[in-house]
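# Notes for the structure review
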Amino acid sequence: LSSAPADVAYLRSVMPSTTEDAFFDYLATLDTSEVTVSAVPEGSVVFARVPFLQVKGPLLVVQLLETMLLCLVNYASLVATNATRFRLLAGPDVKLMEMGLRRAQGPDGALSASKYSYIGGFDCTSNILAGKLYGIPVRGTIAHSFIMSFTSLEEVQPRELLPLAGGKPVDLPALAESWLQRVCELLQTPPEKANRGELAAFVSYAITFPCDFQGLLDTYCVRKSGLPNFCAVALALHQRGYRAIGVRLDSGDLAQQSKEIRRVLRACGAHFQVPWFETILIAVSNDISEQSLEEFSREGSEINMIGVGTNLVTCPLQPSLGCVYKLVEVNGFPCLKLTEDEEKMTMPGTKTIYRLYDAAGHPFMDLMALEEEPSPSAGQELVIRVLGRLGETSKVVPTTVEPLHRMYFRDGQVCEPLPSLPEVRSHAQASLSQLSPAHRQLREPQPYPVAVTERLHRLLAELRQANQ
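Predicted, not measured: the structure shown is a model, and the values here were computed from it. (Residues numbered from 1 in each chain as written. Predicted model: local features only at pLDDT ≥ 70, side-chain atom pairs only at ≥ 80, totals over all residues. Heavy atoms only, no water.)

## So, the UniProt feature "domain: Nicotinate phosphoribosyltransferase N-terminal" (unreviewed entry) in the chain
Formally: UniProt positions are given in the numbering used here, feature names are shortened, and annotations may be inferred rather than shown by experiment. A helix here means a DSSP run of H or I that spans at least four residues, while a strand means a run of E at least two residues long, and both kinds are numbered starting from the N terminus.
Look at the UniProt record and you will see "domain: Nicotinate phosphoribosyltransferase N-terminal" (unreviewed entry) annotated at residues 5–74. With 49% helix and 11% strand, the stretch residues 5–74 has end C-alpha atoms that lie 30 Å from each other.

So this is what it looks like as structure tokens:
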């Protein structure tokens, strides 16, 4: 945190004229060496009411940090959480591609969405800049506009393709057209219904990318044109030693069409003795939502990859995350934001946060304790009070106790090695997998309890009494 002379001059121009010069002098020499920041490691599962970031330092400095820190964590946590929901619904085997660049809130929002959806469990992004900056795997597909720009096979240039194993080049448009007749005969569809502009686009793409050929099937008619044209070009490539990698659907009943496509691919693979044909990847897009994934699961599908855009990066089910930054201690004295709504009441004092695990290795409770309290131990009976039921005590015996916070910034320096993006992603998935299925389910999950120690509860009660 620093203040350039131009920044201070601007603030002087917009602040009231009665502002003392000493304030601007202070801003010009702002020092963060006395600030310490401890936090839950990036990618950890964090529950409501659990403080995941703790900042200590001179009051003015930590107040200046508030808006910046909330800006950095709110959208990032929101997108990572939203991505995690899609991952849970899709299951572990389906590939998820983030493709929200066109719908994101500007380029900065798009980059953040790519980064944090990757942490949340997505496998790749269509955002090339995110791939360059963050090392996220990038993927893409043919566009409708590319296919529509062709009208006939005569437009394909160049026309020849060298076999993968070497040898004389072949005229791929002619070879693909001959395969189209055989495919249409097998599928019992009229060859003249297959759009020749679409076939030309597929052939042109295949000549340019013979090891990465893929087809977008719904520019015209999937059953009569897109699928026969794709199979014809894929079989022509196979004859020259290459393998097509996949198809994409962008409209219609995606689950039902995926099953019909898989049936055709299997039929072609068996009839033309090409075993790998039935394993060709089927990708889908088109305003995919959580409801879409639930329908795919309910109906059954042959979908291998799902591209999600708008409903991932704009988070329509919850457009913002309400993280807050509250003062809990001043000059060694705990303080309290008092409210009649217990859910909005802050917990006073500097605290240490512990995650308690059961014998199965699942976390079953997060416990807030005052910093000066002794750490709880595995196997120790703890008397606690659960938020939402502070009027009654409970006893728990954890099998394992994990302190959640780590110190990341001290004396003006980062003091903990920051993990790479793949490491954060791995930690996020591991943290999520530790949760009990009852807590992890998206529909009517079992509430995860957050509790306080008896000592922290007494402090809370004393401060509430003193302020009434």
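## With respect to the pairing of strand E3 (residues 95–98)
Heads up, the condition is: Pairing between two strands requires that DSSP report at least two bridges joining them. By definition, the crossover connecting two strands over a helix is right-handed if that path, from the first strand to the second, turns clockwise as seen with the strands pointing away from the viewer.
Judged from the four bridges that link them, E3 and strand E10 (residues 305–308) form a sheet pairing that is parallel. Note that in E10 the partner of Met 97 across the bridge is Gly 307. Note: E3 against strand E4 (residues 124–125), two bridges, orientation parallel. Bridge pairing links Glu 98 to Thr 125 in E4. Tracing the backbone out of E3, into helix H4 (residues 106–119) and back to the parallel element E4 gives a crossover that is right-handed.

## Points about unusual backbone geometry
Which entries qualify depends on this criterion: Relative accessibility under 20% of the residue-type maximum defines a buried residue, over 50% an exposed one, and the middle range a partly exposed one, all with a 1.4 Å probe and only protein chains included.
With an omega of -5°, the peptide bond running from Gln 157 to Pro 158 counts as cis. You will see that Asp 411, though not glycine, has its phi angle at about 55°, which is positive. In this fold, Asp 411 is placed in the loop between strand E18 (406–410) and strand E19 (413–414). On the basis of relative accessibility, which here comes to 57%, the residue Asp 411 falls in the exposed class. A positive phi angle, close to 50°, is found at Glu 444, a residue other than glycine. Summarising the element assignment, Glu 444 is placed in the loop between helix H14 (437–440) and strand E20 (450–453).

## Regarding a nonpolar patch on the surface
Spelled out, the test is: Here the term patch refers to residues with relative accessible area over 30% and no salt bridge, with like charges joined within 9 Å and nonpolar side chains (Val, Leu, Ile, Met, Phe, Trp, Tyr) within 5 Å. Computed with a 1.4 Å probe, the accessible areas rest on the Shrake-Rupley method; for each residue, only the protein chains presented here act as cover. In the sections that follow, a salt bridge refers to a side-chain nitrogen of Lys or Arg positioned within 4 Å of a carboxyl oxygen of Asp or Glu.
A grouping of Tyr 10, Leu 11, Val 14 and Met 15 is seen on the molecular surface, where their side chains present a nonpolar patch of about 360 Å² in accessible area. Structurally, the position occupied by Val 14 is in helix H1 (residues 5–14).

## Concerning the sheet that holds E18
Spatial ordering of the open sheet is given by E2-E1-E18-E19, a layout of four strands whose pairing is antiparallel. Edge positions in the sheet fall to strand E2 (53–56) and E19, since each has one partner strand and no second.

## Considering helix H9 (residues 222–239)
Rules: In this analysis, the expected span of each helix is defined as 1.5 Å times one less than the number of residues it contains.
The end-to-end C-alpha distance of H9 is 24 Å, a good match for the 26 Å that 18 residues give at a rise of 1.5 Å each. Counting buried positions over the 18 residues of H9 gives 14, a clear majority of the element. Directly after H9, the chain includes Gly 241, whose backbone phi takes a positive value near 100°.

## Here we look at the layout of surface pockets
A probe matching the size of a water molecule, rolled over the atoms, marks out where space remains unfilled. Defined as follows: A 1.4 Å probe that fits into a set of points on a 1 Å grid over the protein atoms alone but cannot get out defines a cavity; an open set with protein on both sides within 12 Å along at least five of seven lines defines a pocket, and lining residues are those with an atom within 4 Å of a point. Grid points are joined across faces, edges and corners, and a volume is the space filled by probe spheres set on the points. Each residue receives one of three labels: charged for Asp, Glu, Lys and Arg, nonpolar for Ala, Val, Leu, Ile, Met, Phe, Trp, Tyr, Cys and Pro, and polar for the others, Gly being one of them.
Taken as a whole, the second largest pocket encloses approximately 640 Å³ of empty space. Along its surface, the second largest pocket is lined by 23 residues, and Met 99, Arg 102, Arg 248, Asp 250 and Ser 285 are the ones closest to its centre. Of the residues in the lining of the second largest pocket, the class split is seven nonpolar, 10 polar and six charged.

## Side note on the packing of helix H7 (residues 172–187) against H9
The criterion, for reference: Here the axes come from fitting lines to C-alpha atoms, over the contacting stretch only for helices, and the angles between their N-to-C directions go from 0 to 180 degrees. Orientation categories follow fixed angle ranges, with anything under 35 degrees roughly parallel, anything over 145 roughly antiparallel, 65 to 115 roughly perpendicular, and all other angles oblique. By convention, the crossing between two helices is left-handed when the near helix turns anticlockwise from the far helix through less than a right angle, and right-handed when the turn is clockwise. Whether two residues are in contact is decided by their heavy atoms: any pair within 4.5 Å suffices.
The interhelical angle for the contact between H7 and H9, taken along N-to-C directions, is 125°, at an axis separation of 8 Å. Our classification of the angle between H7 and H9 gives oblique. Taken as a pair, H7 and H9 cross one another with a handedness that is right-handed. Facing H7, whose interface residues are Leu 172, Leu 175, Ala 176, Trp 179, Leu 180, Val 183, Cys 184 and Leu 187, H9 presents Pro 228, Asn 229, Cys 231, Ala 232, Val 233, Leu 235, Ala 236, Leu 237 and Gln 239. Considering only residue class, the contact of H7 with H9 consists of 15 nonpolar, two polar and no charged.

## Structural notes on the UniProt feature "domain: Nicotinate phosphoribosyltransferase C-terminal" (unreviewed entry) in the chain
Residues given the UniProt feature "domain: Nicotinate phosphoribosyltransferase C-terminal" (unreviewed entry) here are residues 351–459. As annotated, residues 351–459 has a helix share of 22% and a strand share of 35%, and its two end C-alpha atoms lie 12 Å apart.

## Observations concerning empty space enclosed by the protein
Counted according to the given criterion, the structure contains one cavity of 30 Å³ or more. In terms of lining residues, the largest cavity is bounded by 16 residues, among which Arg 139, Thr 141, Gln 214, Ala 283 and Met 305 are the most central. Contributions of two or more residues to the lining of the largest cavity are made by strand E8 (246–249), strand E9 (281–284) and E10. Across the lining of the largest cavity, the residue classes break down as eight nonpolar, six polar and two charged.

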